[in-house]
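Structural features, examined
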Amino acid sequence: MIAIKCPTHGSRVLLSERHIRRLVNTKRGIFLDVECTCGTHVLLRTGRKAAVSA
């Protein structure tokens, strides 16, 4: 389950993993494109930042 802050609903919405439309792993973190039940897409950033090597 994923909790998002939906701007259309104006509140937090609890969604299943079926609402994940895209997952991208980058050096800046893991980005999830999640679609709310109302159709609004919300971009979430999660995960750790990549370590910087000297």
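Please read all numbers here as calculations on a predicted model, not as lab measurements.

Another aspect to go through is the sheet that holds strand β5 (residues 41–46). Pairing within the open sheet is antiparallel, and its 3 strands lie in the order β3-β4-β5. Where the open sheet ends on each side, the last strands, each with one partner, are β3 (20–26) and β5. The sheet shows a mean angle of 15° between the axes of neighbouring strands, direction not considered. The pairing of strand β4 (residues 29–35) with β5 spans 6 bridges and is classified as antiparallel. When the bridges of β5 are listed, L32 appears paired with L44.

All right, on to the nonpolar core then. By size, the foremost hydrophobic cluster in this structure holds 9 residues: I2, I4, C6, V13, L15, L32, V34, C36 and V42. Secondary-structure elements contributing two or more residues to this core are β1 (2–6), β2 (11–15) and β4. Among the elements that line this core, the one with the most residues is β1, at 3 residues. Among all residues touching L32, those that are not within four sequence positions of it are I20, R22, L23, V42, L43 and L44.

Definitions and limits used
Residues numbered from 1 in each chain as written. Predicted model: local features only at pLDDT ≥ 70, side-chain atom pairs only at ≥ 80, totals over all residues. Heavy atoms only, no water. Pairing = 2+ DSSP bridges. Helix = DSSP H or I, 4+ residues; strand = E, 2+ residues; numbered from the N terminus. Axes fitted to C-alpha atoms, helices over the stretch in contact; angles between N-to-C directions. Core = buried A, V, L, I, M, F, W, Y, C linked by side-chain atoms within 4.5 Å. Buried < 20%, exposed > 50% of the residue type's maximum accessible area, 1.4 Å probe, protein only. Contact = heavy atoms within 4.5 Å.

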